[in-house]
Structure formats: structure tokens, C-alpha cells
Amino acid sequence: MTFFIGVELGQVSDVTAIAVVDSQTLPFLRSEEIHSRGWVSVHPVYRAPDGSETREHPPVNFALRHLERIPAGVSYPEIVSRVGSLRSQLREPVTILDATGVGKAAVELFRAANIPVLVFTLMAGDQMIQDGSNYRIPKRDAISTTQVLLQTGRLKIARSLPHAALLARELVNFRFKVGHNGPEDALDWREGPDDDLVLALAIAAWEAERRPGLAFSFGYGVSEFNGRRIF
């Protein structure tokens, strides 16, 4: 199980939203080696829901575990402190910060507090661009990933969560449009009063789908020299 914290960071006069998604992977048991003609393949072995062992992991399901809105006017240091407190309750969470509408100084507050973050800038266009821990993500991809996960039953949202009903309505009604007066890849950042919830979930779900926390398979060649393996 891996947790992903999506932080939709607002400007000073905006609400900030936080969504926590977990990937519901099968329990990892061990790695298994398969030897064949000078090649070794290493594959993970999982415990299936019925208690048996399986080497094939089904598509990972996700669950929205936490959803909150921090009111407008709360200072950035207070928001950083809240995210740090939330992180301390989870095991090695991945924190994703949507910094589309804010400046670099707000992002640096997280790093100064030793909170590792992936920094997303949502844009129009079709390709993701990565520069270290900074990502430019097509906004359409982030939103559509969440919608597909919901429509296929792979993302669950508990009705008892605060703001869950509001989030559901905003997901149904969400639209985005390219800005008409800015650069070609510019877009309107938030288009509705409650889009902060949608975007917080979207960035967490997008990263969770990209890196669900599964063990991986790999292989390596083996040669024999004087009876010893040389890798």
C-alpha cells in the first residue's frame, strides 16, 4: 500500500485542498528467480485475496482516504505545517503539489521544511515534461485519468468523507478551457469555486496510477567462468 497526498495549493485569497489516495496492492511475499540459458528473471510473488500465491497482479485499485479544504486566508507556513502533520501519520507517502497558480517562494517553503514534493504545473498540450522533481502535466490527462478510474470502478470515494458529495458533483461538471489571452499552453487554472477538490484528487490519482507502488520484475545475464558466476 502506497499513499499519495495531492495538495492543490491556492493563492492567499483561495481555498487549498488536500486529497489522500492509497493504492490497494496485494501483499508482497517474496521475489522468485527463474533461471534459463544464462539468464535470470526475478519476479515478485503476491498473496491473493483467497490466501493463495500469485505472480500476476491485477490492475491496482485506489481509494480516496482523506479530503479536506483549508480556508482562504490561512498562511502558507500553516499549510506546510498541516501537510507535514498529515505526512507523519502515513508510511512514506508521496506528496504532489499543484503549484500552477502560485509562485516559487510558496513551493520552497515545503522544501525548507524537509517535505519532499513533486511539483506539478497543469497546462494545455499533450505531453508531460519533467525537470527533476518538477513536472508540466497536461491538465486534460490528469482529469481524464481520475474520471476513467472512477468509471471503471478502480477508484472508490467513501460517501462519508467530508466534501465527498461536492467533489462528485464537480467531477461530473468539470470542464477546462485554454486561456484566450495568454501563451499557447496557458489555461484557466481553476474554473469553478470548488475545483480545488477536483484538482487535488486528480494530481494524486494521476501519480498513483503512474507509480502504484508495485514490486517490479527484472532480469540479468549470467556467464560461467571457472565455475563461478560473473554478472
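Our structure is the block above this text.
Residues numbered from 1 in each chain as written. Predicted model: local features only at pLDDT ≥ 70, side-chain atom pairs only at ≥ 80, totals over all residues. Heavy atoms only, no water.

**Side note on unusual backbone geometry**
Our working definition: Each helix is a run of H or I in the DSSP string that is no shorter than four residues. Each strand is a run of E no shorter than two, and both are numbered from the N terminus. Using a 1.4 Å probe on the protein chains alone, a residue whose accessible area is under 20% of its type maximum counts as buried, one over 50% counts as exposed, and one in between counts as partly exposed.
A positive phi angle, close to 45 degrees, is found at E92, a residue other than glycine. Counting through the fold element by element, E92 comes out in the loop between α1 (76–88) and β7 (94–98). Backbone geometry places N114, a non-glycine residue, at a positive phi of 60 degrees. In this structure N114 comes out as exposed when scored by relative accessible area, which is 69%.

**As for the packing of aromatic side chains**
We describe a pair of aromatic rings using the distance from one ring centre to the other and the angle between the two ring planes. To keep things clear, this is the line we draw: The aromatic pairing rule takes the rings of Phe, Tyr and Trp, using the six-membered ring of Trp, and pairs them if the centres are within 6.5 Å, calling planes under 30 degrees apart stacked, those over 60 edge-to-face and the rest tilted.
Within the structure shown, the criterion is met by three aromatic pairs. Considering the side-chain rings of F120 and W206, the 5.6 Å spacing of their centres and the 85 degrees angle between planes classify their relative orientation as edge-to-face. Taken together, the residues span a long stretch of sequence, with F120 in strand β8 (residues 118–123) and W206 in helix α5 (residues 195–210) at a distance of 86 residues. Across this residue pair, the class does not change: F120 and W206 are buried.

**Notes on the packing of helix α3 (residues 139–151) against α5**
Where we set the bar: Axis definition: a line fitted to C-alpha atoms, over the contacting stretch in the case of helices. Angles run 0 to 180 degrees between N-to-C directions. Note that the term roughly parallel is reserved for angles under 35 degrees, roughly antiparallel for angles over 145, roughly perpendicular for angles of 65 to 115, and oblique for everything else. In this analysis, two residues are considered to be in contact whenever any of their non-hydrogen atoms come within 4.5 Å of each other. In this count, Pro and Cys sit with the nonpolar residues alongside Ala, Val, Leu, Ile, Met, Phe, Trp and Tyr, while Asp, Glu, Lys and Arg are called charged and the others, Gly among them, polar.
One can describe the packing of α3 onto α5 by two numbers: an axis separation of 8 Å at closest approach and a directional angle of 80 degrees. Comparing their axes, α5 and α3 come out roughly perpendicular. The residues of α5 that touch α3, namely those facing K139, D141, A142, I143, T145, T146 and L149, are V198, L199, L201, A202, A205, W206 and E209. For the contact of α3 with α5, a count of residues per class yields nine nonpolar, two polar and three charged.

**Here we look at the environment of V74**
Positionally, V74 belongs in the loop between β6 (61–70) and α1. Sequence separation between V74 and Q11 is 63 residues; the distance between their C-alpha atoms is 9.9 Å.

**Brief notes about the layout of surface pockets**
The criterion, for reference: Lining residues are defined by having an atom within 4 Å of a point belonging to a cavity or pocket. Those points lie on a 1 Å grid over the protein atoms alone, cavities being sets where a 1.4 Å probe fits but cannot get out and pockets being open sets with protein on both sides within 12 Å along at least five of seven lines. Grid points are joined across faces, edges and corners, and a volume is the space filled by probe spheres set on the points.
Quantified by volume, the largest pocket comes out at close to 240 Å³. Taken together, Q147, L150, Q151, L155, I157, R159, A164, A165, L167, A168, L171 and V172 make up the full set of residues lining the largest pocket. For the lining of the largest pocket, the leading source of residues is helix α4 (residues 164–173), giving six residues. When its residues are assigned to classes, the lining of the largest pocket shows nine nonpolar, two polar and one charged.

**Considerations on the pairing of β7**
Convention followed: We treat two strands as partners when DSSP finds at least two bridges between them. With its strands directed away from the observer, a crossover is right-handed exactly when the path from the first strand over the helix to the second travels clockwise.
Within β7, five of the five residues are buried, leaving the element largely enclosed by the surrounding structure. Residues of β7 alternate between two faces, with V94, I96 and D98 on one and T95 and L97 on the opposite face, all of them buried. Sheet analysis places strand β1 (residues 2–8) next to β7, joined by five bridges and oriented parallel. Bridging from a neighbouring strand, I5 pairs with T95 of β7. When β7 meets β8, the two strands line up parallel, connected through three bridges. Within β8, the residue paired with D98 across the bridge is F120. Taken together, β7, helix α2 (residues 104–112) and β8 constitute a β-α-β crossover, and its handedness is right-handed.

**Looking at the sheet that holds β1**
Read across the sheet, eight strands follow the order β9-β10-β8-β7-β1-β2-β6-β11 without closing on themselves; strand pairing throughout is mixed. Edge positions in the sheet fall to β9 (129–131) and β11 (155–157), since each has one partner strand and no second. Sheet twist, expressed as the average angle between the axes of neighbouring strands with direction ignored, equals 25 degrees. Bridge analysis of β6 against β11 gives three bridges, and the strand direction is parallel. Residue pairing in the sheet places L64 in a bridge with I157 of β11. Helix-sheet contacts for α3 involve β6, β8, β10 (134–138) and β11, and the interaxial angle to β10 is about 70 degrees.

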